[in-house]
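Each chain, written out:
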Amino acid sequence: MRAATVTGARGVALTEWPFITMADLRVDPASEAADRIEKTLGAPLPRQCGHTTASGPHTVVWLGPDEWLVLSQGEETAVAAELREALGEDPGSVVDVSANRTTLELSGPAARQVLEKGCPLDLHPRAMGPGRAVSTTVGPIAVLLWQVDDAPTYRLFPRSSFADYLARWLIDAMSEYRGPEIP
């Protein structure tokens, strides 16, 4: 990945962020358990498709009307245990899914153009911007795609078993940016 980095005005870089703690959370957003979980996270649970919230080491990504992915820099067993404690005996679930996905980060001025080669979403800033995260595909791989900032920087969360293929696909898509732009 390091060798594939392109610098300059058409720059793009791919890196891996291994071992990010991830917990899948299912709970009724109108429940008292959801209120307790929000206090534990220090952030509200996002209520709309594509939205994220963050506080301290935690980012919460909306996956469905009653499902979220909690990304954290905290220790994986501690994060899941804290969320389970907040859930209590109420209906819902907290599952540590840290080993389920890995995190690839694509960044630089040409990052959006690289993704547009294989992503069916409209990634233009009018439709997708910082803090937005959606389930989609890049190439033939299903991913959770999160735009982190305006640079733009994107984090892609493929299933671990597909990460190598997706990284190779992205490296191939990045290769044209080494040469001059053709008008």
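Caption draft 1: Here's a closer look at the packing of aromatic side chains. Going through the model one piece at a time under the given rule, you end up with one aromatic pair. Between W146 and F157 the ring centres are 6.5 Å apart and the planes differ by 20°, which places this aromatic pair in the stacked class. One end of the pair, W146, is in strand β9 (residues 141-149); the other, F157, is in strand β10 (residues 153-158), with eleven residues separating them in the sequence. We note R155 situated over the ring of W17; from NZ or CZ to the ring centre the distance is 4.2 Å.

Caption draft 2: Here's a closer look at the pairing of strand β3 (residues 52-55). Pairing of β3 with strand β4 (residues 58-64) involves four bridges; the strand directions are antiparallel. Among the inter-strand pairings, T53 is bridged to a residue of β4, identified as V60. What sits between β3 and β4 in their antiparallel hairpin is a turn of two residues, with G56 showing a positive phi close to 55°.

Caption draft 3: Representation of helix α1 (residues 32-41). Listed as buried for α1 are A33, A34, I37, E38 and L41. In an axial view of α1, the angular spread of the buried residues amounts to 140°, which keeps them on one side of the axis. Of the residues in α1, the exposed ones pointing more than 90 degrees away from the buried face are E32 and K39. On its buried face, α1 sits against β2 (21-26), β3, β4, β5 (67-72) and α2 (76-87). Where α1 ends, the next residue or the one after it, G42, has phi of about 75°, a positive value.

Analysis parameters
Residues numbered from 1 in each chain as written. Predicted model: local features only at pLDDT ≥ 70, side-chain atom pairs only at ≥ 80, totals over all residues. Heavy atoms only, no water. Phe/Tyr/Trp six-rings, centres within 6.5 Å; stacked < 30°, edge-to-face > 60°. Helix = DSSP H or I, 4+ residues; strand = E, 2+ residues; numbered from the N terminus. Lys NZ or Arg CZ within 6 Å of the ring centre and 35° of its normal. Pairing = 2+ DSSP bridges. Buried < 20%, exposed > 50% of the residue type's maximum accessible area, 1.4 Å probe, protein only. Arc of directions from axis to C-beta. Contact = heavy atoms within 4.5 Å.

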